[in-house]
Amino acid sequence: MNEWWKKSVVYQIYPRSFKDSNGDGFGDLQGIIEKLDYLKELGIDVIWISPVFDSPQDDNGYDIRDYRKIYYKYGTNQDMDDLIACAHEKGIKVVLDLVVNHTSDEHEWFMESFRSKDNPYSDYYFWKDGKSDGSEPNNWGSNFCGSAWEYAEQRGQYYLHFYTRKQPDLNWENPKVRQEVYDIMEYWFAKGVDGWRMDVIASISKYTDFPDYPEEPGKKYYTGNMHSNGPRLHEYLQEMNREVLSKHDCIAVGEAPGSTAEMARLFSDPKRKELNMIFTFEHMNIDRVPGSVNRKWALRPFDLTELKKVMSEWQKQLYGCGWNALYFENHDQPRIISRWGNDTTYREECAKAFATVLHGMQGTPYIYQGEEIGMTNVHYQLEEYDDVEVHNAYRELVQTQKSICKEDFLKAVWNKSRDNARVPMQWDDSENAGFTTGTPWFKVSDRYKEINVKKALANKNSVFYYYQKLIQLRHTQEILTEGDYTLLLPDDKELFVYERKWQQKKWLIVANMSEQENRMDQLRPFIDGAKKMIISNYHRDTLPHILKPYEAFIVEMEA
């Protein structure tokens, strides 16, 4: 099987927010079909579609009720067949979201499991008796705040849920559960899908002695190392590869919270026969106060040196023995230019600079819908947010624990909320940004008249065409796929500079990640012998004397 995913660029679609085809305010599969020509023009190779399976939508589809049925608001199973066929006609592969750490509590497996301790589905999930005082079996917390355990009167036991109480965790210790998952995967492979993005796959193996986390002052429930990378994880993934993945010419990428670059080699080293790559969270957590009771809502300033250190470690650790999944944005992350950059004065330059840094590295780049036009975060009032994570955190941290004030929490939401990425896609400057002719399920950004696809396509210097060129480089330049990586100026707080080398070719990637002009003095030792400019977000043909704010370029050097 060829490794086609190494030269591919993936475009993530959050379907409810991408394009509504029927005016009900909710994006759908026919809306994706309508926009395949747009994606073809961008140049991407693969679309990854966030979950579209039947669901009560407690967590926007990451709570699945039926893995073989499309959620009615997205369309029908025939619509999915049509989407796969249309995408393939245009040379675009289709990746679906495999959410099998947990199901919905409305899935037939759980409804049966819930009934009694002696039915065939009883141990499809984790059920435990409470402690002697009737409290939860241990102090594990949900990633969405509160306990990871919910009491069920009917069974007289608690069930485990790492996310909302309506998302009970599957018991992968049970071989029947694993076979159910493999059957689901084969069902969709038979329909023509080209691979899977595996939601929180690093959490499927649990520490089944269920020990407590060490207690800390002011905390009742804990999330940490026992929430991922459990003792049988790699055994399960190798079995999945053997039973399913190895039989298909597909891509398999895992979401692996809690994993380091060294751990990533276990997942993605081809010799181990597991996955092709995993998503890291390390680089996305550098603005988070470690160990804070307020979790992701406890912010610290962006530190470019820390970002360089983490991303460079992943480049080095996986070179020759694994593969990187490159991203700054997805459905769980805010817009990068609002979070760590400048989304006003230098919005387009900033968007291009972050893209240059990412797409110059080794790995498979992932573009999240709207990233290619420089979409930004939104500033809504708390009651306007949809995300269950926001509302759970507000109740626990602001109202109950009072560990963060409402003002600081709201600022953190503006910066970090997942809903920043979930506002409807901005297609044009008409009402509702061209996303729907009805009432959108979620409020459209108030910047859609300024930032939209129609405007981007009309401007040859737009963020869109810059991404298009970066994608073309990925397809044609072997140095991006095969070259080694060397970080330069690791301690510089404003410049992200690195080299790529392959055979007789050397490229220098430079980005000024600040609003200040920067002299080129510190770059002098590295830029002697510059041959030609490969790409520049200030449209330069030769090296500048002064780096403008958020200026970025790739230049070919004498090898």
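Data block above holds the structure.
Computed from a prediction, not measured in an experiment: that's the story for all the values here.

K.L.:
Lay out the overall build of the chain with the relevant residues and their values.
P.N.:
Regarding its fold elements, the chain presents 16 helices and 20 strands. Overall, the C-alpha framework of the chain stretches about 75 × 55 × 50 Å when taken along its three principal axes. The buried share of the chain, reckoned over its 559 residues, is 63%. Counting only contacts in the chain whose residues sit at least 6 apart along the sequence, the fraction spanning at least 24 positions is 71%. Surface accessibility of the chain: about 21300 Å² in total, with carbon and sulfur atoms responsible for 45%. On the chain, the mean spot of the 70 positive side-chain charges and the mean spot of the 89 negative ones are 3 Å from each other.

K.L.:
Give me the packing of aromatic side chains: which residues, what numbers.
P.N.:
Applying the stated criterion across every chain, the model contains 45 aromatic pairs. Seen in terms of ring centroids, Phe53 and Tyr67 are 6.4 Å apart; in terms of plane orientation they differ by 50 degrees. Their pairing is tilted. Taken together, the residues Phe53 in strand β3 (residues 53–54) and Tyr67 in strand β4 (residues 66–70) connect sequence positions 14 residues apart. We classify Tyr67 as buried; its relative accessible area is 3%. With centroids separated by 5.1 Å and ring planes inclined at 85 degrees, the aromatic side chains of Tyr187 and Trp188 adopt a geometry described as edge-to-face. Ring-pair connections join several aromatic residues into one group, and the members of that group are Phe53, Tyr67, Trp109, Tyr121, Tyr124, Tyr187 and Trp188. When the ring centre of Trp427 is taken as reference, the NZ or CZ atom of Lys35 above it lies at 4.3 Å.

K.L.:
Kindly report on helix α4 (residues 108–115), identifying the contributing residues and their values.
P.N.:
Since the α-helix packs 3.6 residues into each turn, any two residues three or four apart lie on the same face. Buried within α4 are the following residues: Trp109, Phe110 and Ser113. Down the axis of α4, the buried side of the element spans an arc of 90 degrees, and every buried residue falls inside it. On its buried face, α4 is in contact with β4, β6 (127–128), β8 (157–160) and α5 (175–190).

K.L.:
Would you mind going over the nonpolar core in detail, with residue names and values included?
P.N.:
Within the largest apolar cluster, 154 residues are counted, with the highest numbers of intra-cluster contacts made by Tyr11, Ile47 and Phe496. The greatest single-element share of this core, amounting to eight residues, is contributed by helix α14 (residues 463–476). Phe162, Tyr163, Phe210 and Tyr222 belong to the second largest nonpolar core, which has 15 residues in total.

K.L.:
An account of the sheet that holds strand β12 (residues 325–326) is requested, with residue identities and associated values reported.
P.N.:
Consider a sheet: its strands pair through backbone hydrogen bonds, and that pairing is either parallel or antiparallel. Ordered by their spatial adjacency, eight strands build an open sheet running β11-β10-β9-β5-β2-β1-β13-β12, and the pairing between neighbours is parallel. On the outer flanks of this sheet lie β11 (277–279) and β12, each paired with one strand and no other. One ladder, built from four bridges, connects strand β2 (residues 46–49) with strand β5 (residues 93–98); its direction is parallel. Each residue of the ladder has a partner; that of Ile49, found in β5, is Leu96.

K.L.:
I'd love a proper account of the pattern of salt bridges, names of residues and values included.
P.N.:
Any two side chains of opposite charge can pair, on the condition that their charged atoms come close. With the rule as written, the count across this model stands at 39 salt bridges. Here Glu384 ties to Lys443 by a salt bridge, and the two come within 2.9 Å at their closest N and O atoms. Separated by 59 residues along the polypeptide, Glu384 in the loop between β13 (364–368) and α11 (388–400) and Lys443 in the loop between α12 (406–416) and α13 (453–457) bring together distant segments of the chain. Take Lys443: its relative accessible area is 41%, and that puts it in the partly exposed class.

K.L.:
Report on the environment of Gly218, specifying residues and quantitative values.
P.N.:
If you trace the backbone, Gly218 turns up in the loop between β9 (195–198) and α6 (233–243). Of the residues examined, Gly218 reaches a relative accessible area of 67% and is grouped as exposed. Considering only alpha carbons, one finds Gly218 and Val293, 75 residues apart in sequence, at a separation of 7.7 Å.

K.L.:
How would you explain the environment of Tyr327 if you had to name every residue and give the values?
P.N.:
Inspection of the secondary structure assignment puts Tyr327 in the loop between β12 and α9 (336–340). Between the C-alpha atoms of Tyr327 and Phe464, which are 137 residues apart in sequence, the distance is 17 Å. Contacts of Tyr327, omitting those with residues within four sequence positions, involve Phe279, Thr280, Phe281, His283, Met284, Gln333, Leu358 and Tyr366. Here Thr280 takes part through its backbone oxygen, which lies 2.7 Å from a polar atom of the side chain of Tyr327.

K.L.:
So what's going on with the pairing of β2? Which residues, and what values?
P.N.:
Here β2 shows two buried faces, one formed by Val46 and Trp48 and the other by Ile47 and Ile49. Pairing between strand β1 (residues 10–13) and β2: four bridges, direction parallel. Pairing of Tyr11 across the sheet is with Ile47, part of β2.

K.L.:
Which residues make up the side chain of Asn294, and what are the values?
P.N.:
Along the chain, Asn294 turns up in the loop between β11 and α8 (304–318). Overall, Asn294 belongs to the buried group, its relative accessible area being 8%. At 2.6 Å, the side chain of Asn294 and the side chain of Ser403 are in polar contact. Ignoring anything within four residues of it in the chain, the contact list for Asn294 reads Leu397, Ser403 and Ile404.

K.L.:
Report on the packing of helix α10 (residues 347–359) against α14, specifying residues and quantitative values.
P.N.:
For the pair α10 and α14, the least separation of the axes is 10 Å and the interaxial angle reads 10 degrees. The pairing of α10 with α14 is recorded here as roughly parallel in orientation. Facing α10, whose interface residues are Glu348, Ala351, Lys352, Ala355, Thr356 and His359, α14 presents Val463, Tyr466, Tyr467, Leu470 and Arg474. Tallied by class, the residues present in the contact of α10 with α14 amount to six nonpolar, two polar and three charged.

What counts, and at which threshold
Sequence positions are assigned chain by chain, starting from 1 and proceeding in written order. Reporting of local features is limited, given that this is a predicted model, to residues whose pLDDT is at least 70; pairs of side-chain atoms are given and counted only at 80 or more, and all residues count toward the totals for whole chains, interfaces and linings. Side-chain descriptors were evaluated using all non-hydrogen atoms of the structure, hydrogens and water having been removed beforehand. Under the scheme used here, helices are H or I runs from DSSP no shorter than 4 residues and strands are E runs no shorter than 2 residues, and both carry numbers assigned from the N terminus. Relative accessibility decides the category of a residue: with a 1.4 Å probe and only protein chains considered, values under 20% of the type maximum give buried, values over 50% give exposed, and everything between is partly exposed. Note on contacts: a residue pair qualifies if any of its non-hydrogen atoms lie within 4.5 Å across the two residues. We get accessible surface area from the Shrake-Rupley algorithm with a probe of 1.4 Å; when it comes to residues, only the shown protein chains can shield them. In this count, Lys and Arg are taken as positive residues and Asp and Glu as negative ones, while His and the chain termini are left out. Here the site of a charge means atom NZ of a Lys, CZ of an Arg, CG of an Asp or CD of a Glu. The criterion for an aromatic pair is that two Phe, Tyr or Trp rings (for Trp, the six-membered ring) have centres within 6.5 Å, with stacked assigned to planes under 30 degrees apart, edge-to-face to planes over 60 apart and tilted to the rest. Distance and angle both matter: a charge sits over a ring if NZ of Lys or CZ of Arg is within 6 Å of the ring centre and within 35 degrees of the ring normal. Note that the arc is defined by the directions from the helix axis to the C-beta atoms. What is meant by a nonpolar core is a set of buried Ala, Val, Leu, Ile, Met, Phe, Trp, Tyr and Cys residues, joined one to another through side-chain atoms within 4.5 Å. Two strands form a pair only when DSSP identifies at least two bridges running between them. Definition used for salt bridges: Asp or Glu carboxyl oxygen within 4 Å of a side-chain nitrogen of Lys or Arg. Here a polar contact is taken to be a pair of N or O atoms separated by no more than 3.5 Å, where protein atoms must pair a possible hydrogen donor with a possible acceptor and residues adjacent in sequence count only if both atoms sit in side chains. What counts as an axis is a line fitted to C-alpha atoms, over the stretch in contact for a helix, and the angles between N-to-C directions run from 0 to 180 degrees. Angles are sorted into four bins: roughly parallel if under 35 degrees, roughly antiparallel if over 145, roughly perpendicular if 65 to 115, and oblique for all others. Side-chain classes follow a simple rule in which Ala, Val, Leu, Ile, Met, Phe, Trp, Tyr, Cys and Pro form the nonpolar group, Asp, Glu, Lys and Arg form the charged group, and the remainder, Gly included, forms the polar group.

As far as function goes, none of this settles anything; it's purely spatial.
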